[in-house]
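# Summary of structural features
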Amino acid sequence: MHLTLEFGGGLELLCESVKVHNVNVDMPKGADKLTMKDLLAWVRTNLIKERPEMFIKGESVRPGVLVLVNDCDWELSGQLDTTLEEKDVVVFISTLHGG
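A brief structural summary. Being a predicted model, the structure only gives us computed values, none of them experimental.

Among the secondary structure elements, Leu-68 is positioned in strand 6 (residues 65–69). Classification of Leu-68 as buried rests on a relative accessible area of 18%. In this structure the C-alpha to C-alpha distance between Leu-68 and Gln-79, which are 11 residues apart in sequence, comes to 9.7 Å. The residues touching Leu-68, leaving out its near neighbours within four places in the chain, are Asp-73, Val-89, Val-90 and Val-91.

Rendered as structure tokens:
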């Protein structure tokens with residue numbers, strides 16, 4: 001499944017400072033859909049190059065990371081259970097900043 005992943009608010013530093021990634025994610029074996037839970041596992045394995053704990057906590061994103069799926073807050077669409085479709089755009093933005 002072709003997706004566009006965007007990282008902002010400093011999260012791009014975990015992905016070799018690349019903000020936009022056009023990726024092809026395979027669905028898990030035996031699954032007929034790709035969920036955000038599946039995508040986060042894929043991102044951790046394939047995109048995060050350093051300090052995954054700054055992005056992932058358990059199976060979800062850390063508190064303070066805003067997740068948008070096609071410009072809609074994932075909290076409105078089911079969070080980890082959100083089903084992704086071909087050519088969706090998923091944006092991850094850190095809302096935590098040092099001072």
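Having seen it, we continue.
The next point concerns the packing of aromatic side chains. Considering all chains together, one arrives at three aromatic pairs under this definition. Ring centres of Phe-55 and Phe-92 lie 5.0 Å apart, and the angle between their planes is 80°; on these two criteria the pair is classed as edge-to-face. With Phe-55 in the loop between helix 1 (36–46) and strand 4 (56–57) and Phe-92 in strand 9 (residues 89–94), this pair connects stretches of sequence that are 37 residues apart. Both residues of the pair, Phe-55 and Phe-92, count as buried. Aromatic ring contacts, followed pair by pair, group Phe-7, Phe-55 and Phe-92 into a single cluster.

We now examine the pattern of salt bridges. Taken as a whole and assessed by the stated rule, the structure comprises two salt bridges. The salt bridge involving Glu-59 is made with Lys-37; its shortest N-O contact spans 3.2 Å. Residue Glu-59 is found in the loop between strand 4 and strand 5 (60–61), and its partner Lys-37 is found in helix 1; the two are separated by 22 residues along the sequence. Residue Lys-37 is classed as partly exposed on the basis of its relative accessible area of 37%. The partner of Glu-53 in a salt bridge is Arg-51, and the shortest N-O contact between them spans 3.7 Å. For Glu-53, a relative accessible area of 42% translates into the label partly exposed. By relative accessible area, Arg-51 is classed as partly exposed at 48%.

Turning our attention to the pairing of strand 6. When you tally the buried positions in strand 6, you get four out of five residues, the bulk of the element. Bridge count for strand 6 against strand 9 is five bridges, and the pairing is antiparallel. What sits directly across from Val-65, in strand 9, is Ser-94. Across two bridges, the pairing between strand 6 and strand 7 (residues 72–73) is antiparallel. Counted as the bridge partner of Leu-68 is Asp-73 from strand 7. In sequence, strand 6 turns back onto strand 7 through a hairpin of two residues, with Asn-70 there showing a positive phi of about 50°.

So, how was this worked out
Residues numbered from 1 in each chain as written. Predicted model: local features only at pLDDT ≥ 70, side-chain atom pairs only at ≥ 80, totals over all residues. Heavy atoms only, no water. Helix = DSSP H or I, 4+ residues; strand = E, 2+ residues; numbered from the N terminus. Buried < 20%, exposed > 50% of the residue type's maximum accessible area, 1.4 Å probe, protein only. Contact = heavy atoms within 4.5 Å. Phe/Tyr/Trp six-rings, centres within 6.5 Å; stacked < 30°, edge-to-face > 60°. Salt bridge = Lys/Arg side-chain N within 4 Å of Asp/Glu carboxyl O. Pairing = 2+ DSSP bridges.

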